[in-house]
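# Working through the structure, step by step
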Amino acid sequence: MNETTGPLGIRGVNHLALVCADMARTVDFYQGVLGLPLVKTIELPGGAGQHFFFDLGNGDSLAFFWFPDAPGPAPGVAAPRALPGLGDLRSAVASMNHLAFHVAPEQLDEAARRLRRAGIEVLGPVNHDDSEAGWSLELHPGVFMRSVYFFDPDGICLELAAWLRRPGPQDVRHEPHRGSAVPAT
């Protein structure tokens, strides 16, 4: 648990902070549906909003800001328009495309059923492999991860991801592309 990575001693994600349109609805979803404990609430000074934290386990947290005057969502810019395989999943440079929560492989199917029982549209489980398509309908020895994708009430793309095998040096096979379709500012 205290294992570090790199010269800065990074030990995981302390928290990821997102923005929601309705904090009560966010608490209902993340605590009520996903079962994440609400562990810290903050009222921002001067009526500027709220900042709430949910426990993800392993010392990691997911946080949300609520700002009374926040701009509306921007699907296709700040987040994908659709779930993977169901439409355009691109989002803008410096946006957040999706958030993947780690789950145990044996819990993935029940987690998908729980989400569906809660009335949430779910894609998956998806079997990720190294084929040209990047996924398979069948579970086979080449599948390295299984995932379930869905949106939260604000349109944030979420994933439940289960590694079936730990990545190793053989999994780093592609040269990174240089440049972007969008010039840096």
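Reference entry: report on the structure contained in this document. In this text the structure is predicted, and so the values were computed from the model without any measurement. (Residues numbered from 1 in each chain as written. Predicted model: local features only at pLDDT ≥ 70, side-chain atom pairs only at ≥ 80, totals over all residues. Heavy atoms only, no water.)

## Quick look at the sheet that holds strand E6 (residues 123-128)
As summarised here, the arrangement of the five strands in space is E5-E9-E8-E6-E7, forming an open sheet in which the pairing is mixed. Whereas interior strands pair on both sides, the edge strands pair on one side only; in this sheet they are strand E5 (99-102) and strand E7 (135-136). The sheet contact formed by strand E8 (residues 145-151) and strand E9 (residues 157-163) spans seven bridges and is antiparallel. Opposite tyrosine 149, over in E9, you have glutamate 159 as the bridge partner. Taken strand by strand, helix H2 (residues 108-117) contacts E6, E8 and E9, and its axis lies near 15° from that of E8. (Pairing = 2+ DSSP bridges. Helix = DSSP H or I, 4+ residues; strand = E, 2+ residues; numbered from the N terminus. Contact = heavy atoms within 4.5 Å. Axes fitted to C-alpha atoms, helices over the stretch in contact; angles between N-to-C directions.)

## So, the sheet that holds strand E4 (residues 60-66)
Overall, mixed pairing links the four strands, which are arranged E1-E4-E3-E2 in an open sheet. Two strands bound the open sheet, and with one partner strand each, they are strand E1 (15-20) and strand E2 (38-44). For this sheet, the mean inter-axis angle between neighbouring strands, taken without regard to orientation, is 20°. Pairing of E2 with strand E3 (residues 49-57), which is carried by six bridges, proceeds in the antiparallel orientation. Opposite glutamate 43, over in E3, you have glutamine 50 as the bridge partner. On top of the sheet, helix H1 (residues 23-33) reaches E1, E2, E3 and E4; it is set at about 5° to E3, its chief contact.

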